[in-house]
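So the chains spell out like this:
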Amino acid sequence: MDLELNATQQAVQETARRFGQDKLVPKARERDRTEQFPFEELKALAELGLLGVNIPEELGGAAAGVVAYSLAMMELAAADASVSVAVAVSNMCAELIAAYGSDAIKKKYVPRITSGDAIAGAFALSEPHAGSDPAAMRTFAEKKGDRYVINGSKQWITSGQHAGVMVVWAKTSKDDGHKGISAFVVEGGTKGLIPGKPEEKMGLHGSNTVGLTFEDCEVPAENVLGEIGGGFKLAMTALNGGRIGIASQACGIARAAIEASARYAKERHAFGSPIGDFQAIKWFLADMKVKHETSRLLTLRAAWLKEHGKPFVREASMAKLHATESAVWIADKAVQIHGGYGYIDEFPVERYVRDARATPIYEGTNQIQRVVIARELLK
């Protein structure tokens, strides 16, 4: 893997960094307090090409590749992890539709996501009783003429209240386990699609998370992604790639926590010296930096492998596992370095702890990542 970034990757990284620092950081605390969804920010990100970083240009994307996408996610998450979640899911949905939709479906829906016209994309897989075990889902889609009628419920759906385009998984056969799962493109606002009350989460307050109820929700038969009964494979493909996005997000949160801690260690004095002069603080910072750099390298390696069409499942799980657990640890140590100030929202590190804590859970829990890694080793 070439560690030197090419011109396109550098440009995407710099664009995301500049937008993050200029537009996201100043309002990150306010979004966290008010739980305001970033409508304007997502539209601006779409105009910069950051809602379709790895999407072909003919579908409105930037066609910059997976490494560029990972770098952009790191920069946005360092500025405001809540916004980066919506960006990650929009990119994942656009990529899945671009890869498995018919020509008509691709042309109809992918540009709506990449342009910001759809506001965001949503990924509706998890259910109240089916998280890590998608085969246990109860949502069912019944074929009626030239349409499918969906009934059931979904849970933990990022941007679900506002997304104009979403990919929804449902059983189309009750007796075939995961082989009976199919994927559909569903437009936000479709009759029978009912968003629930936004969840009151520990962190990521600027990211909208809701349950979805489907009551005789009709979608055209041509909105099936891939083949009927092939939805489980599509979900796993999307999640494998999505783990690179979550690892990137964790790297961004971790970097922001390290930078905040280094600044504070130079400014805060105790016993007549900056606290950064004390060995305990130096060792915290050193360990934080090592964990962050190893996370970043694991993540970029997984992104590079995917971009070059090489096997990347194990590497994506390794990156997700290490980066997210490191981010939680790093954010916790950032609070410790700040002392009492780290525990109040005057400083951003308490937000980093709350935002980081979600990353070992979604896109496949870290317990599932360990299963994947071990399974790949034992093949």
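Residues numbered from 1 in each chain as written. Predicted model: local features only at pLDDT ≥ 70, side-chain atom pairs only at ≥ 80, totals over all residues. Heavy atoms only, no water.

(A) Geometry of the pairing of strand 4 (residues 165-171). Within strand 4, seven of the seven residues are buried, which leaves the element mostly enclosed by the surrounding structure. Side chains of strand 4 alternate between two faces, with Val-165, Val-167, Trp-169 and Lys-171 and Met-166, Val-168 and Ala-170 buried alike. The sheet contact formed by strand 1 (residues 121-124) and strand 4 spans four bridges and is parallel. Bridge assignment links Ala-122 to a residue of strand 4, and that residue is Met-166. In this structure, strand 4 lies alongside strand 5 (residues 181-187), joined through seven bridges in antiparallel fashion. Among the inter-strand pairings, Trp-169 is bridged to a residue of strand 5, identified as Ala-183. (Buried < 20%, exposed > 50% of the residue type's maximum accessible area, 1.4 Å probe, protein only. Helix = DSSP H or I, 4+ residues; strand = E, 2+ residues; numbered from the N terminus. Pairing = 2+ DSSP bridges.)

(B) Molecular detail of the side chain of Arg-243. Tracing the chain through its elements places Arg-243 in helix 6 (residues 231-267). An unpaired buried charge is present at Arg-243: no salt bridge exists, and Glu-363, the closest side chain of opposite charge, is 6.6 Å distant. Setting aside anything within four residues of it in sequence, one finds Arg-243 in contact with Ala-316, Ser-317, Lys-320, Glu-363, Gly-364, Ile-368, Gln-369 and Val-372. (Lys, Arg positive; Asp, Glu negative; His and termini not counted. Salt bridge = Lys/Arg side-chain N within 4 Å of Asp/Glu carboxyl O. Contact = heavy atoms within 4.5 Å.)

(C) Region of the structure containing the nonpolar core. Core analysis: the largest hydrophobic core is formed by 43 residues, its most contacted members being Ile-244, Met-288, Ile-337 and Tyr-352. Mapped by element, the contributors of at least two residues to this core are helix 3 (66-79), helix 4 (81-100), helix 6, helix 7 (279-307), helix 8 (313-338) and helix 9 (349-356). In this view, Ile-337 contacts Ser-261, Tyr-264, Ile-275, Ile-281, Phe-284, Leu-285 and Met-288; residues no more than four positions away in its chain are not counted. Residues Ala-94, Tyr-109, Ile-113 and Leu-239 belong to the second largest nonpolar core, which totals 29 residues. (Core = buried A, V, L, I, M, F, W, Y, C linked by side-chain atoms within 4.5 Å.)

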